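Here is how the chains run, residue by residue.
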Amino acid sequence: MLKVLAVGAHPDDIELFCAGTLAHYVHQAAAVTLCVLTDGSLGSRTMRPERTASVREAEARRAADVLGAGLLWLGLPDGFLYDTRETREQVVDVLRQAQPDVIFAPHPDDYHPDHRAAAALVTAARLLAREPAVVTAHPATDRVPSLFYADTLLGAGAGTPDVRVDITATMSVKEAMLAEHVSQNDSRRQRKGSDFVDLTRQQAERRGHEAGVRYAEVFTCVRTHPVTSPGDLTPPGTGLTLPLCP
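These figures come from a predicted structure and were not determined experimentally.

Engineer: Explain the sheet that holds strand β6 (residues 163-166) to me, please; I cannot follow it from the model alone.
Structural biologist: Hydrogen bonds between backbone atoms are what pair the strands of a sheet, whose relative direction is either parallel or antiparallel. On the basis of which strands lie adjacent, the open sheet formed by seven strands has the order β3-β2-β1-β4-β5-β7-β6 and mixed pairing. Each of the sheet's edge strands pairs with one partner strand only, and the pair in question is β3 (70-76) and β6. Averaged over all pairs of adjacent strands, the angle between their axes in this sheet comes to 25°, without regard to strand direction. Relative to strand β5 (residues 146-149), strand β4 (residues 102-105) runs parallel, the two being bridged by four bridges. Residue pairing for β5: phenylalanine 104 is matched across the bridge by phenylalanine 148. Strand contacts of helix α3 (residues 85-98): β1 (3-8), β2 (31-38), β3 and β4, with the helix running at about 170° to β3, the strand carrying the most contacts.

And the structure:
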């Protein structure tokens, strides 16, 4: 069984940038695990941070249930995610728990510092997770998983993606997952007049237009050793397919 891990810096990051693709995996019986690194405690201007974190964890768990995926919640401080030894070890242990063949992580050039830190952490942990000299709660892995960086917010600064996935058939799952993040949708509607479901639909439409389909998500292959290629999304022998766009 193919195992897929999606890492987000905040609750709702995974939904925004790769939930449609994850739904394709789930529909083909792949094992999908979501990992949220921070507690999302800065996501409200009206609730206390502790309350915000509690609300957002519950929302993230409901969204994971919509997808049919497991959720690992690290609860690190929102807005202060850094690539430190301690945090690397925590992310290494996440990889050892999930044992992924494929990982999706935030883009290293995204706008938010937590997103950039998450990209660095996952990129480092991908190699460190197989080193037995790095001791965590779970044993070392026996392989280095394939890593793909997700899109940036509105595609800004992402460069030209390497992979485009048609998510027209799974867009409803992506929207349903985002709809579970009620606190964030309410906050964005108050500030912007539209919510995150609207935002992700706009982004998916834009990426879909570029690819000649209605809705799409895009990804970038990791350039550092071991280099990832689009074919690594569906390794030979798994029987899995993704609707990739030209």
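Engineer: Got a minute to help me understand the packing of aromatic side chains in this structure?
Structural biologist: Two descriptors summarise a pair of aromatic rings, namely the distance from one centre to the other and the angle between the planes of the rings. Counting across every chain of the model gives three aromatic pairs. For the pair tyrosine 25 and phenylalanine 104, a centre-to-centre distance of 6.2 Å together with 50° between the ring planes defines the contact as tilted. Taken together, the residues span a long stretch of sequence, with tyrosine 25 in helix α1 (residues 13-27) and phenylalanine 104 in strand β4 at a distance of 79 residues. A residue is classified by how much of its surface remains accessible, and phenylalanine 104, at 1% relative accessible area, is buried. Against the face of phenylalanine 196 rests arginine 188, its NZ or CZ located 5.2 Å from the ring centre.

How each quantity is defined
Residues numbered from 1 in each chain as written. Predicted model: local features only at pLDDT ≥ 70, side-chain atom pairs only at ≥ 80, totals over all residues. Heavy atoms only, no water. Pairing = 2+ DSSP bridges. Helix = DSSP H or I, 4+ residues; strand = E, 2+ residues; numbered from the N terminus. Axes fitted to C-alpha atoms, helices over the stretch in contact; angles between N-to-C directions. Contact = heavy atoms within 4.5 Å. Phe/Tyr/Trp six-rings, centres within 6.5 Å; stacked < 30°, edge-to-face > 60°. Buried < 20%, exposed > 50% of the residue type's maximum accessible area, 1.4 Å probe, protein only. Lys NZ or Arg CZ within 6 Å of the ring centre and 35° of its normal.

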